[in-house]
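In case you want the letters, here they are:
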Amino acid sequence: MPSDQNPRTDIECEVAVIGAGTAGLAAERSARRAGAKTLLIDERFAGTTCASVGCMPSKLLIAAAKVAHSIAAAPQFGIYPGNLAIDGKAVMHRVRTLRDEFVASVLKSIDEIPDDTKLMGKATFASGSNLRVGDKTVRAKSVVIATGSKSSIPKTFDRLDNILTNETIFELEDLPSSLAVIGAGPLGLELAQAFSRLGVEVMVFDEGKTVSALKDEDVAESLHALLEQEFPIRLSVDIDASSSDGAIELSWSGASQGKMRFTHVLVATGRPPNLDGLGLDNTGIELDEHGTPLFDRQTMRCGKSSIFLAGDSDAQVPILHEASAEGAIAGNNAARFPEVRPSKRSTPLAITFTDPPSASIGVPADEDAITGVSDFSDQGRAKVEGRNVGMIRLYADNEGRLTGATLAAPEGEHFAHMIAWAIEDRLTAMQLLDKPFYHPTYEEGLRSALKQICDQTRLPFGQDRDAGSAPGV
Ligand SMILES: Cc1cc2nc3c(=O)[nH]c(=O)nc-3n(C[C@H](O)[C@H](O)[C@H](O)COP(=O)(O)OP(=O)(O)OC[C@H]3O[C@@H](n4cnc5c(N)ncnc54)[C@H](O)[C@@H]3O)c2cc1C
Ligand SMILES: NC(=O)c1ccc[n+]([C@@H]2O[C@H](COP(=O)([O-])OP(=O)(O)OC[C@H]3O[C@@H](n4cnc5c(N)ncnc54)[C@H](O)[C@@H]3O)[C@@H](O)[C@H]2O)c1
């Protein structure tokens, strides 16, 4: 067990890791593998954000919503399942039960870390790379900061009752009657659609102009229009809120205006890095205007110091596989310090698990980018399945080499991987087009975007290759 009863007041180690989340666990593993004497410090050792209040419970809720949605969509196939009954308590119970299993598996992996390598308590920097944890001083050769991110509740909402964040919403015993979601980012939209499909009256509000942080306007508008068929989304609005008779009254103005009461409000307005109270001023490292350390993305090192950063705490790309990759890089370099080595970072890939899923891959299109578009409204397999909506916009350089994509399309999470892997392998549109595509599949839908890029770059399309397509592709 992690020990806050440790009798030593001074602890010496080579690498101290602050935070036992995804990034911190990866950093500790990596530093230990590199031969360093490590110390993993966490306030609670309660399991990662991903397992307890993030990726996993949200996907569990989405899984329930997907089942409800398929049943509701059955009549288009001539199937009439009768009245749909949703037992909200059972839905939330399954979410928590399976969530707890994921958390238990994280806790088991933490249990397997030797006891003298763990310390429970809140770490703060005393000076340089020396830390204070309760009444103990930790003297470390290098430190990895992996303290994650935290919910931020805008002032308008912070004194109201029934305000939920991702840290509390999965604890609801039953589905709420109505839910206002503040923030149309990945967190807000995933949960908004899931609750809506489970019969909750949902409305989404955002002060910004776009949904799901998508930089490609065409795709963002397409996703916005699709989601609005299920629940209202009010973009570019200022929101005011007050409690009244156990409910919350929201009024909004700007691009649209109105007033409505909700039993619950989910605040999903971003998760800034969790760096408050860490004593970064005592480290001498350079901070940006938000108080986040400046660091090198290839080494994860802060300036010329022996302090490294990983995961959501660095305010870069707050998603799981990046937290894990950064943890491994930071831990390895912290162990090797001062022999720090740069590591290759993978192609940017971010997926939002709405239906259809949206994704941003690689670099956004600039004005020189060559683009190809696949529209799924008439795509064969998507039509067969009654899921013919959305689009993929692919970007390439002037040699036809794929550089990025934005999409909101059926099976979008799988397309996003395929495209990211093609970009990693530096494939041209022609080379990807030359791979086998089975018929009839969603994957065939990508061929039209690839062909458009080939046409614009005059990539040689072999005489022995069929330039046409099967029906409905
Ligand atoms: C609702 C939701 C859904 C998400 N869904 C996805 C998804 O589908 N896919 C995806 O890729 N990403 C998803 N994410 C993002 C993903 O969960 C995070 O990027 C990831 O969990 C970050 O890991 P981390 O190690 O940086 O932070 P955490 O896992 O939060 O770990 C930080 C740790 O630091 C500890 N700590 C903090 N300060 C101190 C201190 N001073 N002293 C000691 N310990 C400290 C905390 O106790 C905590 O254990 C989701 C996030 C949310 C909120
Ligand atoms: N599938 C995934 O990978 C996934 C899913 C959920 C969450 N996450 C992660 O969780 C974190 C939090 O997600 P998020 O969607 O909250 O963050 P986000 O920053 O992506 O989106 C926040 C949204 O809230 C809006 N907003 C901010 N302040 C507002 C205000 N006062 N009023 C109205 N709107 C306001 C912003 O314009 C933005 O659209 C992110 O790091 C994200 O990467 C990832």
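Residues numbered from 1 in each chain as written. Chains lettered and ligands numbered in written order. Predicted model: local features only at pLDDT ≥ 70, side-chain atom pairs only at ≥ 80, totals over all residues. Heavy atoms only, no water.

Draft legend 1. Just the overall build of the protein, in detail. What the protein contains, in helices and strands, is eleven helices and 20 strands. At 24 Å, the protein has a C-alpha radius of gyration in line with the 23 Å of a compact globule built from 473 residues. Taking the principal axes of the C-alpha coordinates as reference, the protein spans close to 70 × 65 × 40 Å. The buried share of the protein, reckoned over its 473 residues, is 48%. Considering only intrachain contacts with a sequence separation of at least 6, the fraction spanning at least 24 residues in the protein is 65%. (Helix = DSSP H or I, 4+ residues; strand = E, 2+ residues; numbered from the N terminus. Rg over C-alpha atoms; globule rule 2.2 N^0.38 Å. Buried < 20%, exposed > 50% of the residue type's maximum accessible area, 1.4 Å probe, protein only. Contact = heavy atoms within 4.5 Å.)

Draft legend 2. A look at the packing of helix 3 (residues 55-72) against helix 5 (residues 186-197). Helix 5 packs onto helix 3 with a crossing angle of 40 degrees between their chain directions and a minimal axis gap of 8 Å. By the angle class used here, helix 3 and helix 5 are oblique. For the pair helix 3 and helix 5, the sense of crossing is left-handed. Residue-level inspection shows Ser-58, Lys-59, Leu-61, Ile-62, Ala-65, Ala-68 and His-69 of helix 3 in contact with helix 5, the latter providing Glu-190, Leu-191, Ala-194, Phe-195 and Arg-197. In terms of residue class, the contact of helix 3 with helix 5 is built from seven nonpolar, two polar and three charged. (Axes fitted to C-alpha atoms, helices over the stretch in contact; angles between N-to-C directions. Parallel < 35°, antiparallel > 145°, perpendicular 65-115°, else oblique. Left-handed = near helix turned anticlockwise from the far one by under 90°. Nonpolar A, V, L, I, M, F, W, Y, C, P; charged D, E, K, R; others polar.)

Draft legend 3. Up close: the site of ligand 2. Among the 20 residues in the neighbourhood of ligand 2, the closest are listed as Glu-190, Asp-206, Gly-270, Pro-318 and Ile-351. The separation between a nitrogen atom of ligand 2 and a polar side-chain atom of Glu-190 is 2.8 Å. The separation between an oxygen atom of ligand 2 and a polar main-chain atom of Gly-270 is 2.9 Å. A total of 850 Å² of accessible area belongs to ligand 2 in isolation, and the protein chains cover 74% of it. For the shell around ligand 2, the elements supplying multiple residues, two or more each, are helix 5 and strand 16 (349-352). Here the element with the most residues in the shell around ligand 2 is helix 5; it accounts for three residues. Class assignment of the residues belonging to the shell around ligand 2 gives a composition of ten nonpolar, six polar and four charged. (Near = heavy atom within 4 Å. Polar contact = N/O pair within 3.5 Å; in protein donor to acceptor, adjacent residues only side chain to side chain. Areas by Shrake-Rupley, 256 points an atom, 1.4 Å probe, with all protein chains shown as cover.)

Draft legend 4. Structural view of the site of ligand 1. The local shell around ligand 1 holds 35 residues, among which Ala-23, Asp-42, Thr-49, Lys-59 and Asp-312 are the closest. In the model, a nitrogen atom of ligand 1 is placed 3.2 Å from a nitrogen or oxygen of the Glu-43 main chain. Elements represented by at least two residues in the shell around ligand 1 include exactly helix 1 (22-33), strand 2 (38-42), helix 2 (49-53), helix 3 and helix 7 (320-336). By residue class, the composition of the shell around ligand 1 is 16 nonpolar, 13 polar and six charged.

Draft legend 5. Structural detail: the packing of aromatic side chains. In total, this model carries four aromatic pairs according to the counting rule given. Ring centres 6.3 Å apart and planes at 80 degrees place the aromatic pair Phe-308 and Phe-337 in the edge-to-face group. Here the residue Phe-308 occupies a position in strand 15 (residues 307-309), and Phe-337 occupies one in the loop between helix 7 and strand 16, the gap between them amounting to 29 residues. Side by side, Phe-308 and Phe-337 carry an identical accessibility label, which is buried. (Phe/Tyr/Trp six-rings, centres within 6.5 Å; stacked < 30°, edge-to-face > 60°.)

Draft legend 6. Inspection of the UniProt feature "domain: Pyridine nucleotide-disulphide oxidoreductase dimerisation" (unreviewed entry) in the protein at higher detail. Sites flagged by UniProt as "domain: Pyridine nucleotide-disulphide oxidoreductase dimerisation" (unreviewed entry) map to residues 351-448. Annotation note: span residues 351-448, helix share 27%, strand share 27%, distance between end C-alpha atoms 22 Å. (UniProt positions renumbered as here; feature names shortened; annotations may be inferred.)

Draft legend 7. Just the UniProt feature "domain: FAD/NAD(P)-binding" (unreviewed entry) in the protein, in detail. In this numbering, the UniProt entry assigns the feature "domain: FAD/NAD(P)-binding" (unreviewed entry) to residues 14-327. Its end C-alpha atoms 16 Å apart, residues 14-327 is made of 29% helix and 24% strand.

Draft legend 8. Representation of the pattern of salt bridges in the model. Applying the stated criterion to the full structure yields 24 salt bridges. Taking the shortest distance from any N to any O, the salt bridge between Asp-355 and Arg-387 comes out at 4.0 Å. Here Asp-355, found in the loop between strand 16 and strand 17 (358-362), pairs with Arg-387, found in the loop between helix 8 (380-384) and strand 19 (391-396); they are 32 residues apart in sequence, far enough to count as distant. Using a relative accessible area of 26% as the deciding quantity, one classes Asp-355 as partly exposed. By relative accessible area, Arg-387 is classed as partly exposed at 27%. The network of salt bridges with shared partners includes Arg-197, Glu-230, Asp-355, Arg-387 and Glu-411. (Salt bridge = Lys/Arg side-chain N within 4 Å of Asp/Glu carboxyl O.)

Draft legend 9. Seen up close, the domain arrangement of the protein. Examined at the domain level, the protein breaks down into domain 1 (10-50 + 95-150 + 272-336), domain 2 (163-267) and domain 3 (349-457). For domain 1 versus domain 3, the distance between C-alpha centres works out to 36 Å. (Domains from an automatic or database assignment.)

Draft legend 10. Structural view of the environment of Arg-401. Relative to the helices and strands, Arg-401 resides in the loop between strand 19 and strand 20 (402-408). For the pair Arg-401 and Ile-423, spaced 22 residues apart in the sequence, the C-alpha separation amounts to 7.8 Å. If we ignore the near neighbours within four places in the chain, the residues touching Arg-401 are Tyr-395, Ala-396, Arg-426, Leu-427 and Thr-428. A distance of 2.5 Å separates a polar atom in the side chain of Arg-401 from the backbone oxygen of Arg-426.

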